There are 2 protein chains.
Amino acid sequence: MKKPEKVLSVFDKYTKVVDKNIKQTIDDCSDLLMYQMMSYFMGYLDDNLQKTTSYGGKRFRPGLCLLFAEYYNCFDEAIDVATSLEIFHNFTLIHDDIADGDELRRGRQTVWSKWGINHGINTGDAQLILASKSLEGLLTRNPELGIRVQKFLNQKYLEVAEGQFLDFTYSEMKISDPSITENNIIDMLGRKSGVLVGAATQSAGIIAQVSEKEQERLWDFGYNLGLAYQLFDDMVSIWGNADISGKDELRDIIDKKKTLPIIYLYNNSNKQNSKVLERLYTKKGILNDKEVETVKALLDKSDTKQFVLQRANKAVEIVMDSIEKLSLDKNKKTKLIEITYALLPEAKEMIA
Amino acid sequence: MKKPEKVLSVFDKYTKVVDKNIKQTIDDCSDLLMYQMMSYFMGYLDDNLQKTTSYGGKRFRPGLCLLFAEYYNCFDEAIDVATSLEIFHNFTLIHDDIADGDELRRGRQTVWSKWGINHGINTGDAQLILASKSLEGLLTRNPELGIRVQKFLNQKYLEVAEGQFLDFTYSEMKISDPSITENNIIDMLGRKSGVLVGAATQSAGIIAQVSEKEQERLWDFGYNLGLAYQLFDDMVSIWGNADISGKDELRDIIDKKKTLPIIYLYNNSNKQNSKVLERLYTKKGILNDKEVETVKALLDKSDTKQFVLQRANKAVEIVMDSIEKLSLDKNKKTKLIEITYALLPEAKEMIA
C-alpha cells in the first residue's frame, strides 16, 4: 500500500487552486484588519500578518469536491463551490474555537485568543458571508446551476449549525438523560463532521448533473467518510498512540466529553458502574489522573471499543460500497479506495 | 403634523407580510430548539416558547423596502428581500447582545442570556444562513434579478460586519489615538446603522430596475436616515429626556462609550480638559456619578451638542433632498417626509 502522504498529494493541485481563490475572495474586500484576521486563520498570513505559504489545514473537503469534479469533467464550474465549502468550514472552526475555549489550532493562536472573543465572533460572521459571496462567480456564469448548488449548500450549512446545536445540547445534559442515545450521538457527529464532506462530494455530482442515484452514492461516500473520520478520532483519543496521532492522550476523558465511547459505556453499564460514571461526569472541572484511570479501566473492561469500531467500520463499508457503485472506471475507484485509507489511517491501525 | 404612531402605522401591513414570511422560513427548517430560539428572539414565541403575537422590533427596514417596492410596483418581488434584511438585522442583534453583554432587549432576555453564549453564537450563525436562504424563492422565480439583489445584499451585509469591526476597534483604542476622528466615527456609525437601511431602500429600486440615479437617491435616503437615527440616539443619551426616550439617562457616559459627542469633545478640548477625559476614559470599569457629572459639564460647556446636531441635521437634509429628487408623485413624497420625522422624533425635539 502507498504511504498516506503520497496518496494525499493528489489534493495538492486542488489545494493550490482553492487557496488562490479564497485569497482572492478575501483580498477583493478591503485591507481592514478584519480581513487580515481571516487570512491569518486560513494560513495566508503569519503571526505578524506577513505573507506566508505554510497553509494550515488539510483542505480535503474542497480537494474531494474538485477530484470528483475532474472525474466528471466539470472542474472549472466546481472551483467556486469548493471555495465556498472551505471558507464555510473555516468559519465554523473560528466559532468552534470560541465555544471550546481553544487558544491554539495547528500550533497557532486562534482568532479569539489573538484578538478577543468579540472579533472572533464578528470575523467568523463576515467569513460566513464570504462563503455565500464566493458563489457569485458561478451564479453569474451559470445562474440556473449556481442557484441549484447554492440551495443545496445553504441546506447543508444549516445542518452543520444543527450539529453544533445538538453537540452543545448533549454536552449540557446529564449523562443519564434518556435522549443521549448512541444513535443520537452518531446523528450529531454526522451533522458536525459528515455533512460538509458529503456536501463536497455530492456538489460535484450536482454540478456535473449526474443521476440522482449517482448523487446519492457521492453523498454516502462523503458523509460516511467524514463520520468515520470523527469516530476514529474519538477512539484515538482513548486507545490511540499519542506519539503517532499527535493528540493529547485521553484528553476527551479528562475533559469529560460525552463521546460515543462514553455514552455507549454508560448506557451498557451495570448500576454500580453507571453510578461511578454519573458521579464523575457531573463533577465540576476536569477529571484528575485517578478518575481518568477509573474511566479508562471501565472502557477497557467493556466491549465499548468493539462497538465503536463496529460503527466506524460500518461507515467505512458504506464508503467502500459507494465507491464500488459509482459510475467511474476502475483506476479512479482504486484511487478513491487509496484516498479513503489515507484519510483514515486509523481504519487500518484499529482494525488490525 | 400627524402623530408618529399614526404615521408609522403605514408599516403595519408590511410588517404582517414580512413576519409571516420570516416565520415560514424558520418553520420550514425543523422543530429543533435552535429554531425556536430564533422565533423567540423575533417575537413569535414567548418566554415559555408558546406562540405569541406581540412582535418585537420596529421592522422599519423591511417596511421601507416594501413601501418603496409598492411605490415602484414591484411589491411581490421585494418580499423575500425585505425578509432577508430583517432576518439579517436580527442576526446582528443576537450577536451584538453577546458583544455588549446585554441581558435584556425590548424587556425580554436575549438569546445568550437565556441559553448561554455558545447557543447565542450558533443560533445567530444559523440565522445568518437563513438570511441567504430566504432569497431562494426570488432566485427561483427570477434568477437574473435574484442574483443581482443577492450580490448587492452580500456586499452590504459585509459592510455591516466591517462597521462592527470598526466599533470594536475604536472601543479598544485609547481616546487619544489619532485614528479616532469624528469622520471615522461617523463612517463606523454609517456602516453599523446606515448601511442596512440604505440596502433596504435601494434594493427596492434594484428590483424595480429604476435608473442608477434614482437608486443613488434611494441609497442616500436610507443610509442617511439610519445614520441620523443613530446620531440622535447618541445625543438623546446625553441631552434627552429619559422619561420620553425610555433610555437610561447618561448611560453612554457611564459606560465610557466613545460616541461622536465624546470624540468631538476630546478632539476639541484644551490640554487640561483632554487630560481629564483621558484619565476617565482609560479608567477600569464604569464611571461613578461624580465622574459622569464632570464629563457632562465639559460637554455642556463646549459646542459639542451644536456640532453633533449639525452632523445629524446634515444627514436629515440629505434625506429630505433625496426625497425631493425621487421620481415619485407629491403625495408619496409628503408621506416619506412624514415617515422621516416619525422615525426621527428627536429631529424635531432637538432642533427646536
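Fair warning: this is a prediction, and the values are worked out from it, not measured in the lab. (Residues numbered from 1 in each chain as written. Chains lettered and ligands numbered in written order. Predicted model: local features only at pLDDT ≥ 70, side-chain atom pairs only at ≥ 80, totals over all residues.)

### Some remarks on the overall build of chain A
Line of reasoning, step 1. Along its length, chain A carries 19 helices and two strands.
Line of reasoning, step 2. The globule rule puts the C-alpha radius of gyration for 352 residues at 20 Å, and the 21 Å found for chain A is close to it.
Line of reasoning, step 3. A principal-axis box enclosing the C-alpha atoms of chain A has dimensions of 65 × 50 × 35 Å.
Line of reasoning, step 4. Within the span of chain A, comprising 352 residues, buried residues form 48% of the whole. (Helix = DSSP H or I, 4+ residues; strand = E, 2+ residues; numbered from the N terminus. Rg over C-alpha atoms; globule rule 2.2 N^0.38 Å. Buried ≥ 20, exposed ≤ 12 C-beta atoms within 10 Å, placed from the backbone.)

### Considering the interface of chain A and chain B
Line of reasoning, step 1. Taken together, the contact between chain A and chain B spans 31 residues of the former and 31 residues of the latter.
Line of reasoning, step 2. At twelve residues, helix H9 (residues 143-172) of chain A tops the list of elements feeding residues into the side of chain A that touches chain B.
Line of reasoning, step 3. A class-by-class count of the residues in the side of chain A that touches chain B yields 17 nonpolar, eight polar and six charged. (Contact = placed C-beta atoms within 7 Å. Nonpolar A, V, L, I, M, F, W, Y, C, P; charged D, E, K, R; others polar.)

### Let's talk about helix H10 (residues 182-208) of chain A
Residue and element names in this part refer to chain A.
Line of reasoning, step 1. For H10, with 27 residues, the first-to-last C-alpha span of 36 Å sits near the 39 Å given by 1.5 Å per residue.
Line of reasoning, step 2. The principal kink in H10, of about 50°, is found at Gly194.
Line of reasoning, step 3. In terms of burial, H10 is a largely internal element, 22 of the 27 residues being buried.
Line of reasoning, step 4. Immediately downstream of H10, the backbone of Gln209 shows phi near 55°, a positive value. (Expected span 1.5 Å × (residues − 1). Bend = angle between axes of the 7 residues up to and from the residue.)

### A look at the environment of Leu298(B)
All names here are of chain B.
Line of reasoning, step 1. Mapping Leu298 onto the fold places it in helix H16 (residues 289-301).
Line of reasoning, step 2. Residue classification places Leu298 among the partly exposed residues on the basis of 18 C-beta atoms within 10 Å.
Line of reasoning, step 3. Placed 282 residues apart in sequence, Leu298 and Lys16 show a C-alpha to C-alpha distance of 46 Å.
Line of reasoning, step 4. Once residues within four sequence positions are removed from consideration, Leu298 is found in contact with Leu265 and Asn273.

### Concerning the packing of helix H2 (residues 12-27) of chain A against helix H4 (residues 60-71) of chain A
All names here are of chain A.
Line of reasoning, step 1. Interhelical geometry of H2 versus H4 gives an angle of 110° and a closest axis separation of 9 Å. Classified by the angle between their axes, H2 and H4 sit roughly perpendicular to one another. From H2, Tyr14, Thr15, Val17 and Val18 reach across to H4, where they touch Pro62, Gly63, Leu66 and Leu67.
Line of reasoning, step 2. A class-by-class count of the residues in the contact of H2 with H4 yields six nonpolar, two polar and no charged. (Axes fitted to C-alpha atoms, helices over the stretch in contact; angles between N-to-C directions. Parallel < 35°, antiparallel > 145°, perpendicular 65-115°, else oblique.)

### Considering the relation of the copies chain A and chain B
Line of reasoning, step 1. Mapping chain A onto chain B is achieved by rotating through 180° and translating by 0.0 Å along the same axis, at an RMSD of 0.0 Å. Interpreted geometrically, this transformation is the action of a two-fold axis.
Line of reasoning, step 2. Interface overlap between copies is the fraction of interface residues in one copy that are interface residues in the other; for chain A against chain B it reaches 100%, indicating a shared surface. (Least-squares fit on C-alpha atoms with pLDDT ≥ 70 in both.)

### Things to note about the packing of helix H7 (residues 117-133) of chain A against helix H9 (residues 143-172) of chain B
Line of reasoning, step 1. As a packed pair, H7(A) and H9(B) sit with axes 10 Å apart at the nearest point and diverge in direction by 165°. Our classification of the angle between H7(A) and H9(B) gives roughly antiparallel. Viewed along their axes, H7(A) and H9(B) form a crossing whose handedness is left-handed. Counting all contacts with H7(A), which are made through Asn118(A), His119(A), Asn122(A), Asp125(A), Ala126(A), Ile129(A), Ser132(A) and Lys133(A), the residues of H9(B) involved are Asn154(B), Tyr157(B), Leu158(B), Ala161(B), Gln164(B), Phe165(B) and Phe168(B). (Left-handed = near helix turned anticlockwise from the far one by under 90°.)

### Examining the domain arrangement of chain A
Residues and elements named next belong to chain A.
Line of reasoning, step 1. Each assigned domain of chain A is listed here: domain 1 (1-141) and domain 2 (143-352).
Line of reasoning, step 2. Only helix H1 (4-8), H4, helix H5 (75-100) and helix H8 (136-141) provide two or more residues apiece to the side of domain 1 that touches domain 2.
Line of reasoning, step 3. Looking at the side of domain 1 that touches domain 2 residue by residue, the classes come out as 20 nonpolar, four polar and three charged. (Domains from an automatic or database assignment.)

### Examining the nonpolar core
Line of reasoning, step 1. Residues Cys65(A), Ala228(A), Cys65(B), Ala78(B) and Ala228(B) are the most contacted members of the largest nonpolar core, which totals 207 residues.
Line of reasoning, step 2. Once residues lying within four places of it in the same chain are set aside, the contact partners of Ala78(B) are Cys65(B), Leu66(B), Ala69(B), Ala204(B) and Ile207(B). (Core = buried A, V, L, I, M, F, W, Y, C linked by C-beta atoms within 7 Å.)

### Side note on helix H4 (residues 60-71) of chain B
All names here are of chain B.
Line of reasoning, step 1. Its twelve residues give H4 an end-to-end C-alpha distance of 16 Å, which sits within 8% of 16 Å, the value for a rise of 1.5 Å per residue.
Line of reasoning, step 2. The inward-facing, buried residues of H4 contact helix H2 (12-27), helix H5 (75-100), helix H10 (182-208), helix H11 (212-239) and helix H18 (330-343).
Line of reasoning, step 3. In the stretch just after H4, Asn73 is the one whose phi turns positive, near 60°.

### Overview of the confidence of the model for chain A
Line of reasoning, step 1. Chain-level pLDDT for chain A is 94 on average; 96% of the residues reach the 70-or-more range.
Line of reasoning, step 2. Both scores are given for the predicted complex: the pTM is 0.96, the ipTM 0.96. (pLDDT = per-residue confidence, 0-100.)

### A short note on the environment of Leu336(A)
Line of reasoning, step 1. Of note, Leu336(A) is situated in helix H18 (residues 330-343).
Line of reasoning, step 2. For Leu336(A) and Val319(A), which are 17 residues apart along the polypeptide, the C-alpha to C-alpha distance reads 9.5 Å.

### Points about unusual backbone geometry
All names here are of chain B.
Line of reasoning, step 1. Residue Asn73 is not a glycine yet carries a positive backbone phi of 60°.
Line of reasoning, step 2. Considering the arrangement of structural elements, one finds Asn73 in the loop between H4 and H5.
Line of reasoning, step 3. For Asn73, a count of 10 C-beta atoms within 10 Å translates into the label exposed.
Line of reasoning, step 4. Non-glycine residue Lys256 carries a positive phi angle of around 55°.
Line of reasoning, step 5. Within the secondary structure, Lys256 is located in the loop between helix H13 (251-254) and helix H14 (260-267).
Line of reasoning, step 6. Lys256 gets classed as buried once you count the C-beta atoms within 10 Å, which come to 21.

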